[in-house]
Amino acid sequence: MERLRRLARRHDAALQVAIVLAAVESYELARRAMRPDWPVAIRHARDVLSLERVAHVAWELHVQDAFLRVPALVRALNVFYLTGHFVLTAVFFVWLYRRSRPAFGLFRNAFLVATAIAVVVHWRFPTAPPRLAGVGLEDTLERLSHVNIGSPTTEALTNPVAAVPSLHAGWALGVGVGLVLYARPLAWRVAGALYPALVVLTIVVTGNHF
């Protein structure tokens, strides 16, 4: 038994990679099993927007209009949405694994549970992204970067009706909290505090989540 424990400790990094790959494949299987119901998803998107208006937080259109005056910046946010966010999340976990194994295990499990809960919500409450819900927002990915990651007329690269809740925002909050709690340099802790806001700004400007 002790020999098995030593072997597991020696190959722990490979085990963690295997867990992540298994989680990604599970997510992909769940995504493929969910057929997007676009009429329902669009109705849900408009319901969410109606609630935002009642709460006086329907800022998406105004924020996007302001950023569209600087197309190069919006293109950068498109790239960040598509790739940068995932790369930085992976880098965070590699760093946290080296910084604190107990913290890594805690955050890994929290991310997996949060993702699983989000998938259930996406299944039971499919919500079209604002850019495809006919609420006035531009599809900046298509317009400025010529990328279509899922629409009623194309094959989706991701779950196209998963605008609520936003996994981008949830993961960013987790990364931010991890940096604030475990980073030593003040600059990195400040970056951790600001990072979730950057991701939320990105998903609003690109019209991908509420």
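Owing to the predicted nature of the structure, the values given are computational and were not obtained by experimental measurement.

Calculation notes
Residues numbered from 1 in each chain as written. Predicted model: local features only at pLDDT ≥ 70, side-chain atom pairs only at ≥ 80, totals over all residues. Heavy atoms only, no water. Helix = DSSP H or I, 4+ residues; strand = E, 2+ residues; numbered from the N terminus. Buried < 20%, exposed > 50% of the residue type's maximum accessible area, 1.4 Å probe, protein only. Contact = heavy atoms within 4.5 Å. Polar contact = N/O pair within 3.5 Å; in protein donor to acceptor, adjacent residues only side chain to side chain. Salt bridge = Lys/Arg side-chain N within 4 Å of Asp/Glu carboxyl O.

> An account of the environment of L77 is requested, with residue identities and associated values reported.
Mapped onto the elements, L77 comes out in helix 5 (residues 71-99). Owing to a relative accessible area of 8%, L77 belongs among the buried residues under this scheme. Sequence separation between L77 and T206 is 129 residues; the distance between their C-alpha atoms is 7.3 Å. If sequence neighbours within four positions are ignored, L77 has contacts with F67, T202, V205 and T206.

> Any chance you could break down the side chain of H168 for me, citing the residues and the numbers?
If you trace the backbone, H168 turns up in helix 8 (residues 167-182). A polar side-chain atom of H168 sits 3.1 Å from the main-chain carbonyl oxygen of Y81. Not counting chain neighbours up to four residues away, the residues in contact with H168 comprise Y81, H85, F86, V199, I203 and H209.

> How would you explain the pattern of salt bridges if you had to name every residue and give the values?
Following the criterion strictly, the structure yields three salt bridges and no others. Measuring nitrogen to oxygen at the nearest pair gives 3.8 Å for the salt bridge that ties R101 to D12. In this pair, R101 is assigned in helix 6 (residues 101-124) and D12 in helix 2 (residues 12-33), connecting sequence segments 89 residues apart. On the basis of relative accessible area, D12 is assigned to the buried category, the value being 15%.

> Could you give an account of the environment of G176, with specific residues and numbers?
Among the secondary structure elements, G176 is positioned in helix 8. Sequence spacing of G176 and F92 is 84 residues, and the spatial spacing of their C-alpha atoms is 9.5 Å. Excluding anything up to four places from it in sequence, G176 contacts G192 and P196.

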